[in-house]
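A closer look at the structure
The chain contents come next:
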Amino acid sequence: MKGTRLLRAAPFRLALGFALTLAGSTAAIFGYVYVETARLEIEAKRTYLELEVREALVMPEAELLDRVHTRLARDLRHNSVEALFDQRGALVAGNLANLPPGLPVDGLVHRLVTVPLIEEEPSRKEIILVADRRPDGKVLAIGHDLDDVGALQKVVGKGLIRGMGPALLLALLFGIFFAARSVARIKALDRTIGRVMAGDLHERLPVSGAGDDIDSLTTRINQMLDEIVNLVEEIRSVGDNIAHDLRTPLSVMQARLERALTERDPEALRGIVAKSLTDLGRTHATITSLLRIAEIESSRRFRCVGETDLGEIAREVHELYEPLAADKQIDFTVGGDSPALARADRDMMIEALANLVDNAIKYTPSGGRVRIEIEQDGNGPLLRVADSGFGIPATERSKVTQRYYRSDKSPNARGSGLGLSLVAAIAKLHGFRLRIADVRQGASVELACYRDLSSSRAA
Amino acid sequence: MTPRLSRPQVKANASILVVEDDPDMAAEILAGLSSQGYQPRHAASGTDALASIWAEAPDLAIIDRTLPGLDGLSLIAKMQDEGYHLPVLVVSALSSADERIQGLKAGGDDYLGKPFVMGELFARIEALLRRPTDMRETALTVGPLHIDLIERTAHRGSREMDLLPREFKLLEFMMRRPGQVLSRAMLLEEVWNYRFVPESNLVNVHMGRLRHKVDLPGEIKLIHSVKNVGFILDEGH
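Residues numbered from 1 in each chain as written. Chains lettered and ligands numbered in written order. Predicted model: local features only at pLDDT ≥ 70, side-chain atom pairs only at ≥ 80, totals over all residues.

Our focus in this paragraph is the overall build of chain B. Counting its secondary structure elements, chain B contains eight helices and 12 strands. Out of the 237 residues in chain B, the part that is buried amounts to 34%. Across chain B, contacts joining residues at least 24 apart in sequence account for 60% of those joining residues at least 6 apart. (Helix = DSSP H or I, 4+ residues; strand = E, 2+ residues; numbered from the N terminus. Buried ≥ 20, exposed ≤ 12 C-beta atoms within 10 Å, placed from the backbone. Contact = placed C-beta atoms within 7 Å.)

In terms of nonpolar packing, the biggest core is built from 108 residues, with A:Val317, A:Leu353, A:Val357 and B:Val19 touching the most fellow members. The biggest single contributor to this core is helix α8 (residues 346-362) of chain A, with 10 residues. Not counting chain neighbours up to four residues away, the residues in contact with B:Val19 comprise B:Ala43, B:Ala49, B:Ala61, B:Ile62, B:Ile63, B:Asp64, B:Leu67 and B:Leu75. Core analysis: the second largest hydrophobic core is formed by 18 residues, A:Leu64, A:Leu84, A:Val109 and A:Ala141 among them. (Core = buried A, V, L, I, M, F, W, Y, C linked by C-beta atoms within 7 Å.)

To continue, consider the interface of chain A and chain B. Listed per partner, the contact involves 16 residues of chain A and 14 residues of chain B. When contributions to the side of chain A that touches chain B are tallied by element, the ones reaching two or more residues are α6 (266-297), α7 (310-327) and α8 of chain A. Residues belonging to the side of chain A that touches chain B are distributed by class as follows: five nonpolar, four polar and seven charged. (Nonpolar A, V, L, I, M, F, W, Y, C, P; charged D, E, K, R; others polar.)

Moving on, we get to the sheet that holds strand β9 (residues 369-376) of chain A. All names here are of chain A. Read from one edge of the open sheet, five strands run β7-β9-β10-β12-β11, paired in mixed fashion. With one partner strand each, in any of the chains shown, β7 (331-336) and β11 (433-437) form the two edges of the open sheet. Strand-to-strand, the axes of this sheet are offset by a mean angle of 15°, without reference to chain direction. Note that β9 and strand β10 (residues 381-387) share seven bridges and pair antiparallel. The partner of Ile374 across the bridge, within β10, is Leu383. (Pairing = 2+ DSSP bridges. Axes fitted to C-alpha atoms, helices over the stretch in contact; angles between N-to-C directions.)

A separate point is the environment of A:Arg111. Mapped onto the secondary structure, A:Arg111 falls in strand β3 (residues 109-112). Separated by 34 residues in the primary sequence, A:Arg111 and A:Asp145 have C-alpha atoms spaced 9.4 Å apart.

Across the junction of B:Lys114 and B:Pro115, the peptide omega takes the value 0°, indicating a cis bond. You can see B:Pro115 is positioned in the loop between β5 (110-113) and α5 (118-129). Phi is positive for A:Gln329, close to 50°, though the residue is something other than glycine. Locating A:Gln329 in the fold gives a position in the loop between α7 and β7.

In structure tokens, the structure reads:
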């Protein structure tokens, strides 16, 4: 198992590939050198033989015979062929039994494999030969074998093996070394990932500190795990909140319906059913709000938002809520700089402002005031909803943006208590800051509509 | 001038295919549809639904998104591939804005999140079965009501009503769908373009304003509340 794993590791395969490429290219270079050298060698011999034969043709016969004998006597390694044949083709002197049938008498060099040498069995070695006729009609053949070229081949082959072997071995050793290292690291990562998959989300992948590409990848994966842990915890808290807020009305409903089983009066029964339906509707509304908050918190859609005019949003929300305020005899106004452009999702800003206004009208008694204001502070536009209502005590200000908080001072106002949590979620998503201002009378909630870098969430 | 009631035709006994795998939910929807005079059919899976559409050619389909085997959105895609173009109401517990967009993109004509009240379901079905009046018309008349969409004037009989722009838009929306129950959620979505549901009873307040101008004391009421659901513009109630 371990062996195959090592062999399949990327660094090993890389080293193997590198070694093979190196071997291939070196062999190609050696091969080229060999072929070229051999060709030049043979070429030189050809030229030499052609010159020799031309020179020997015009030599006096005695000198020629002397030359043939001297040459053959000196040729200890039997590389040379020298032979003189008479007009009928019989050997006069030399080491060829007869003129080879495949050799034309034309003064040009030819390459033969089988040559009838005297003293030896018909030779198998390659020989280049030239034959030509003397003025007296006798034929002279001289030649030379190609053993030297074969020797050159051996030298080149030896050089190739001696040089390449160690280089290949070294490359393989490097490959195995790095492969073993990376296999060990990946195994450690794999073990950790296994534990994370088994449910231990707080495990983190080991970072070697080498600062290489695996390190930067594991660092990113660890950041991803942090984000996943955050999301899981958010989901868990949504679940806890649902359980917390729904158990109470569900228990009430259960008790009421149990009572209905023993109730005889049809009118009373109808009343119980109607009440239960109202409670059910309220629990549905709570679930919807919670899911909406969770949706906003996990949303990434606002990334490509354009500019939104807060003034236009303010007028629209004012128009939507004006009748409601009028019914409660609340003086509801809108004012401030316009246009006030902010990088924000238009629909979400309407939803946020509508929730703020909804709350303000709800918590302001009849005859009071609610005002939407748009301002520019040093960094960008700011939306403010101020009312003359009950106000929010300083001690409760941080709590109201959390889920499920409803001030005890407003027993008449009914709602899921999730409005400000929703606004907080929208603000957080945009990187905006939601602040409850310190005012003497009533409440004033500000939404600074620009990215607050100190509290923004990485997205 | 005799007031003309421009009520679009709707098949009284339209057949509706309910594709829902939960037997209790299916039973409730079927019972509700029967009580409204519709002819409901039931299919518990996407494959059954295709067979039923092929055999019975229903007028409308209510399709749950999460079904065993072929899921709701794939079913809609398949229906379109096979050339069935009946109106589809997608019903799902997946009701976030993104899910909704997905459902409508996939070919649903409307999307209703679970849980819902039956009245809301009926209102949506009615809206899908009827076609609103021709959008190119420049004037609308329902009973004694008459609005001129170019002059932006509204009359009840000979009495001119002074409406704010939003009120005019609301009345126009209702006059295009006379005799049809319009839920609060539908009004918020269509008239105000809002996806979110405010905690306060905003729609009621706006409708109250409009009613004060349309139905004066002593006149026959034209705008009626429908309990737990919304409103209807009709003289017959």
